[in-house]
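Analysis of the macromolecular model
Okay, here's what each chain looks like letter by letter:
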Amino acid sequence: MNQKRHTSHQRRKENSRQQTTQIKSAVVPFAGPKLLLQDGREKSLQRRHPWIFTGAVERLEGNPASGDTVQVCDAQGGFLAWAAYNSQSQICARVWSWQADEKIDADFFLRKISSALAARKELKLDRHSNGMRLIHGESDGLPGLIVDQYADVLVLQLGSAGAERWRETFADALQELCKPVCIYERSDSDGRELEGLPKRNEILRGKLPEQLSVTENGIRIVVDVAAGQKTGFYLDQRDNRALIGSLAEGRDVLNCFCYTGGFSLYALRGGAKSVLSIDSSAEALQLAQRNVELNGLDASRAEWQDKDVFEALRKLRDQNRKFDLIVLDPPKFAPTAAFAEKASRAYKDINLLGFKLLRPGGILATYSCSGGISDDLFQKIIAGAALDAGVDAQIVHKVHAAADHPVLLSFPEGAYLKGLVLRVAG
Ligand code: SAH
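Predicted model, so just to flag it, every value in this text is computed and none were measured.

**A few points about the overall build of the chain**
- Helix and strand content of the chain: 12 helices and 20 strands.
- Relative to a compact globule of 426 residues, whose C-alpha radius of gyration would be 22 Å, the chain shows 24 Å and is just as compact.
- Viewed in the frame of its principal axes, the chain has a C-alpha envelope of about 70 × 65 × 35 Å.
- Considering only residue pairs separated by 6 or more positions, the chain has 65% of its internal contacts joining residues 24 or more positions apart.

Spelled out as structure tokens, the structure:
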């Protein structure tokens, strides 16, 4: 038996060796610029991770401008990928395609965009909302390109030099495939600076309707694509908002970092006894209250506080206020792992206070959208907070972003949003 196992193990090893030899790829003739990697640094590309860091590069041949397509080669000159070059960023190239015979042109992008749209149709993601992420960057094979749909308006966010280079091509393809009344560009995320790109916030095509809203699981939500956060709304939390709505009946709810009221609207519709919502953005709170009205929800059960959550939670603790369901959905405390330590303290702080404000048997729904905090680390932080708060808690749901934010297996960085729904002991 052992012998047999050993033999099949050996056979597997041989096979994988053969595969590696096959991967040692052919030289593909190309007159344009080439990025040659140091020996051994081709491995992450062979695993299909789409980023190339400056530290992995042996030399650049040719003189590409930022955004131009380069051929990425291993140390022997063998073909690895086609990628968009960026002289300004630590991530000096992002892969468009792993196929040697691919041509990176308008037709290529039309096909890629069509297939991202088709995937969402096949998964029937438009069943629950007319607000949806249509293209999720790297995870849809289009590094740096985010496209969100809000009814018949599309919002485009470009986060890399490669995406920037093909801006008009993307707009043409989206216009042809989706026929929106407007394509709005919200290329003003902080990541643009790291890529050496200027910020842009303007109409790219068409005309923006005076008032724009989406209907998500039957709830209407006004979206301000020009001045709102991200591209206007947090589409990624759609399923998690629905879950909270289903748990809210008869409960006193506290929604921290409420933005335009997402979780609060679901809780009110779900029959919450009261909902206290806190955010430090006065504009967001105004929209939130408009959303309550728009949905004919009972405003007398809703209380709003324009405050810093860290301070507000302490005040609520000092006032001895108690809740049955608490939502903590803070902004990105750790954009990268470098911020993890400081962010961990902030997560622990609000979660500890959250646990303390819960009645026995209460529910804490806590999220992190920080790419720099892993699922494991997040769970550890929450466990530490419960311990310090002196409560026993069980995880009843482990949640992530909705399915229109898919995660490519070869790009785990795409799994930025994580959440735990916990029940504290009664
Ligand atoms: N839960 C929301 C999204 C939350 S986004 C939804 O489902 O739509 C994070 C929110 O935190 C933003 O609205 C931002 O204005 C707010 N915010 C950031 N820092 C804050 C702080 N220290 N105190 C209160 N609100 C804060």
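**Overview of the domain arrangement of the chain**
- Under the domain assignment used here, the chain contains domain 1 (19–97), domain 2 (106–206) and domain 3 (234–424).
- Between domain 1 and domain 3, the C-alpha centre-to-centre distance is 41 Å.

**Points about the packing of aromatic side chains**
- Applying the stated criterion across every chain yields a total of 13 aromatic pairs.
- Plain terms: the ring middles of Trp51 and Phe53 are 6.2 Å apart, the flat faces sit at 80 degrees to each other, and that makes the pair edge-to-face.
- For Trp51, a relative accessible area of 17% corresponds to the buried category.
- Accessibility expressed as a relative area gives 39% for Phe53, which makes it partly exposed.
- Members of the aromatic cluster, connected to one another through ring pairs, are Trp96, Phe108, Phe109, Trp166 and Phe170.
- Here Arg165 stacks its cationic end above the ring of Trp166, 4.2 Å away from the centre of that ring.

**Describing the nonpolar core**
- In this structure, Tyr150, Val225, Phe233, Ile244, Val253, Trp304 and Tyr367 are the most contacted members of the largest nonpolar core, which totals 43 residues.
- The biggest single contributor to this core is helix α8 (residues 262–269), with five residues.
- Counting residues domain by domain, this core receives three or more from each of domain 2 (106–206) and domain 3 (234–424).
- Leave out the neighbours within four places in its chain, and Ile244 touches Phe263, Leu325, Val327, Ala365 and Tyr367.

**Re the packing of helix α7 (residues 238–247) against α8**
- Here α7 crosses α8 at 30 degrees, and the two axes come no closer than 8 Å. Where α7 crosses over α8, the two elements pack in a sense that is right-handed. Where α7 abuts α8, its residues Arg238, Asn240, Arg241, Ala242, Ile244 and Gly245 lie against Gly262, Phe263, Tyr266 and Ala267.

**Thoughts on the site of the ligand**
- The environment of the ligand is formed by 17 residues, the closest being Arg241, Asp279, Asp308, Val309 and Asp329.
- Asp279 places a side-chain nitrogen or oxygen 2.7 Å from an oxygen atom of the ligand.
- In the environment of the ligand, a nitrogen atom lies 3.1 Å from a nitrogen or oxygen atom belonging to the backbone of Ser280.
- If the ligand stood free it would expose 580 Å²; the protein chains cover 90% of that surface.
- Tallied by class, the residues present in the shell around the ligand amount to nine nonpolar, three polar and five charged.

**Considerations on the sheet that holds strand β6 (residues 91–97)**
- Here six strands make up an open sheet; going across it, the order is β2-β6-β5-β4-β1-β3 and the pairing mixed. Either end of the sheet is taken by a strand with one partner, and the two such strands are β2 (51–53) and β3 (57–61). Strand after strand, the sheet turns through a mean of 35 degrees between neighbouring axes, direction not considered.

**So, the state of the cysteines**
- Counting across every chain of the model gives zero disulfides.
- No disulfide involves Cys178; its sulfur sits 13 Å from that of Cys182, the nearest cysteine.
- With relative accessibility at 27%, the residue Cys178 sits in the partly exposed group.
- Summary of cysteine pairing: Cys369 is not part of a disulfide, and the nearest cysteine sulfur, belonging to Cys256, is at 15 Å.
- Taking relative accessible area as the criterion, Cys369 reaches 15% and is therefore assigned buried.

**Some details on empty space enclosed by the protein**
- Taken as a whole and judged by the stated rule, the model has one cavity of 30 Å³ or more.
- Its volume calculated, the largest cavity comes out at about 40 Å³.
- Lining the largest cavity are Ala84, Tyr85, Asn86, Ile91, Cys92, Ala93, Arg94, Ser160, Ala161, Gly162 and Glu195.
- Contributing elements (two or more residues each) for the lining of the largest cavity: β5 (79–85), β6 and α4 (161–165).
- Broken down by element, the lining of the largest cavity gets its largest block of residues, four residues, from β6.
- Inspection of the lining of the largest cavity shows a minimum of three residues originating in each of domain 1 (19–97) and domain 2 (106–206).

About the criteria used
- Residues numbered from 1 in each chain as written.
- Predicted model: local features only at pLDDT ≥ 70, side-chain atom pairs only at ≥ 80, totals over all residues.
- Heavy atoms only, no water.
- Helix = DSSP H or I, 4+ residues; strand = E, 2+ residues; numbered from the N terminus.
- Rg over C-alpha atoms; globule rule 2.2 N^0.38 Å.
- Contact = heavy atoms within 4.5 Å.
- Domains from an automatic or database assignment.
- Phe/Tyr/Trp six-rings, centres within 6.5 Å; stacked < 30°, edge-to-face > 60°.
- Buried < 20%, exposed > 50% of the residue type's maximum accessible area, 1.4 Å probe, protein only.
- Lys NZ or Arg CZ within 6 Å of the ring centre and 35° of its normal.
- Core = buried A, V, L, I, M, F, W, Y, C linked by side-chain atoms within 4.5 Å.
- Axes fitted to C-alpha atoms, helices over the stretch in contact; angles between N-to-C directions.
- Left-handed = near helix turned anticlockwise from the far one by under 90°.
- Near = heavy atom within 4 Å.
- Polar contact = N/O pair within 3.5 Å; in protein donor to acceptor, adjacent residues only side chain to side chain.
- Areas by Shrake-Rupley, 256 points an atom, 1.4 Å probe, with all protein chains shown as cover.
- Nonpolar A, V, L, I, M, F, W, Y, C, P; charged D, E, K, R; others polar.
- Pairing = 2+ DSSP bridges.
- Disulfide = S-S within 2.5 Å.
- 1 Å grid on protein atoms, 1.4 Å probe; cavity = no way out; pocket = protein on both sides within 12 Å on 5 of 7 lines; lining within 4 Å.
- Points joined across faces, edges and corners; volume = space filled by probe spheres on them.

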